[in-house]
Amino acid sequence: MLSFALMNSSFVKYTLLLIPVSPDKSVFVYTLSHREKKCYKTFAVYYVNLAFFEKAVYNVNVSWKGRRNTVNDLVITANYSDGIGILEPHCHDCHQIVYVDRGNASFMINSVRYDVKAPCVVIISRFEEHSIIECDNSYSRYVLRIRPTLDGVDGYNAKLLFSVLVNRPRFFSHVISVGENAGMVEETMRRICEEKNVGGMYSEKMLGLLLQMLLLSVCRAEPRLLLSENGGDFDMIFSIKQKFETDYRKNYSLREIADEYHISCSRLSHLFREVTGKPVMGYLMSCRIAGAKHMLAETEMPVGTVAENCGFSDFSNFSRTFRSVTGQSPSDFRIRNASENDRTAE
């Protein structure tokens, strides 16, 4: 991010914040006007190219007021960045789509190493621990952070399409080479960044459609990601997953869940693993551990309270399970994974 200070003919001071959003050095320019020692945040927004920056600052017409990002937005953040270095292991309470447009890097996601070469897309689901362990000097990427719930998202088969972000069938890889679809993916990423950071009327609707277009482009590169809907089976699996993800504190049993959906335990287990790549109760446990990671990293909640809020009957059971999954005690994890709220690199 770059900043400049200007003074107009009325001697009103403006601070310009330049935020890069694409590899051609296009930027969003936020102007902050200062009057009577007050800063009027996001007074106006421009979309310009640095090559024409000086001319654009004085000639572009302002037509929309900017706004702050919130966790309730479908696309929480969207940006382009280069010069990224090593990133320590961490996780987020949202999904991420990373489009690597240049260079090479090595990601570690859920303890699996991926050697990434542009052009490709990296899909990181909510709470999945990830890091960048090495990258070359040319590495650059677009990054979208996406709300974990689909409330209010419209469009053709939106629920089925967004399942690409969370389903983990046997063939799944976090990294998808987009090949001949790279042009469409990059253009859609650029438009999402522009819509998110400049926006306008019906911006959330437009972002929803652009995001679905992006996911369809990814599915063209890897068609198996878009599982065909099989009667009510998909809705059933989706419903169970939502139940676990939003209320993992509750006690569940495979028999109770099977009875609720009027299906045999064996059939439920087969369908659930086919879609998610995990057994039913294994998925529940992954939600509990992911929730615990988030609470430990983002809050100062006592470890015993974290265990209780994540559905564990006692602290020793929680500590033993957490260590078996992460290789660390809850306390060690908290020390190592400081809050990501101030992280700007991703």
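In the block above lies the structure referred to throughout.
Everything quoted here is computed from the prediction, not taken from an experiment.

A.B. asks: I'm lost on the overall build of the chain in this one. Help?
C.D. replies: Looking only at helices and strands, the chain has eleven helices and 13 strands in total. A buried classification covers 47% of the 346 residues belonging to the chain.

A.B. asks: Looking at this model, I keep getting lost on the pattern of salt bridges. Mind explaining?
C.D. replies: One side chain can pair with another of opposite charge once the charged atoms of both are near each other. Applying the stated criterion across every chain yields a total of ten salt bridges. D73 is the salt-bridge partner of K196, the closest N and O atoms lying 2.7 Å from each other. In this pair, K196 is assigned in helix α3 (residues 182–197) and D73 in the loop between α1 (53–59) and β5 (75–82), connecting sequence segments 123 residues apart. The residues K196 and D73 share a single accessibility class, namely buried. The partner of R190 in a salt bridge is E194, and the shortest N-O contact between them spans 2.9 Å. Taken together, the residues span about one helical turn, with R190 and E194 both in helix α3 at a distance of four residues. By relative accessible area, which is 27% here, E194 ends up partly exposed. In the salt-bridge network here, residues are joined through shared partners; they are R113, D115 and E134.

A.B. asks: Can you help me understand the sheet that holds strand β13 (residues 175–177) in this one?
C.D. replies: Hydrogen bonds along the backbone pair up the strands of a sheet, which may run parallel or antiparallel. Strand order in the open sheet made by the five strands is β5-β12-β7-β10-β13, with antiparallel pairing throughout. Looking at the sheet topology across the chains shown, the edges are occupied by β5 and β13. Strand-to-strand twist of the sheet, defined as the mean angle between neighbouring strand axes without regard to direction, takes the value 15°. Relative to β13, strand β10 (residues 120–124) is paired through three bridges, and the arrangement is antiparallel. Paired with V121 across the two strands is I176, which belongs to β13. Running at roughly 120° to β5, α3 makes contact with β5, β7 (95–102), β10 and β12 (140–146) of the sheet.

A.B. asks: Hey, could you run me through the environment of K205 in this one?
C.D. replies: Structurally, the position occupied by K205 is in helix α4 (residues 203–221). Distance from K205 to L74, taken between C-alpha atoms, is 9.3 Å for residues 131 residues apart in sequence.

A.B. asks: Would you explain unusual backbone geometry in this entry?
C.D. replies: Residues apart from glycine generally show negative phi values, whereas peptide bonds are mostly found in trans. Residue P119 is bonded to the preceding A118 through a cis peptide linkage, with omega at -5°. Assignment of secondary structure puts P119 in the loop between β9 (112–117) and β10. Although it is not a glycine, S111 adopts a positive phi angle of roughly 70°. Turning to its location among the elements, S111 is positioned in the loop between β8 (104–109) and β9. Of note, the phi angle at H262 is positive, near 55°, even though the residue is not glycine. Assignment of secondary structure puts H262 in the loop between α6 (254–260) and α7 (265–276).

A.B. asks: What should I look at first to understand the side chain of Q96 in this one?
C.D. replies: If you trace the backbone, Q96 turns up in strand β7. At 3.0 Å, the side chain of Q96 and the side chain of H130 are in polar contact.

A.B. asks: Explain α3 to me, please; I cannot follow it from the model alone.
C.D. replies: An α-helix turns once per 3.6 residues; consequently, residues spaced three or four apart project the same way. Between the first and last C-alpha of α3 there are 22 Å, a value that for 16 residues agrees with the 22 Å anticipated at 1.5 Å per step. Among the residues of α3, those classed as buried are A182, V185, T188, M189, I192, C193, E195, K196 and N197. Backbone geometry just after α3 places G199 at a positive phi near 65°.

A.B. asks: What's the story with the nonpolar core in this structure? I'm lost.
C.D. replies: As a rule of thumb, nonpolar side chains are buried together in soluble globular proteins. Counting 32 residues, the largest nonpolar core has I97, L144, I192 and L211 as its most contacted members. Excluding anything up to four places from it in sequence, L144 contacts T77, A78, H95, Q96, I97, M189, I192, L211 and L214. Ranked by size, the runner-up nonpolar core spans 31 residues in total, among them I237, Y248, A258 and I289.

What counts and what doesn't
- Residues numbered from 1 in each chain as written.
- Predicted model: local features only at pLDDT ≥ 70, side-chain atom pairs only at ≥ 80, totals over all residues.
- Heavy atoms only, no water.
- Helix = DSSP H or I, 4+ residues; strand = E, 2+ residues; numbered from the N terminus.
- Buried < 20%, exposed > 50% of the residue type's maximum accessible area, 1.4 Å probe, protein only.
- Salt bridge = Lys/Arg side-chain N within 4 Å of Asp/Glu carboxyl O.
- Pairing = 2+ DSSP bridges.
- Axes fitted to C-alpha atoms, helices over the stretch in contact; angles between N-to-C directions.
- Contact = heavy atoms within 4.5 Å.
- Polar contact = N/O pair within 3.5 Å; in protein donor to acceptor, adjacent residues only side chain to side chain.
- Expected span 1.5 Å × (residues − 1).
- Core = buried A, V, L, I, M, F, W, Y, C linked by side-chain atoms within 4.5 Å.

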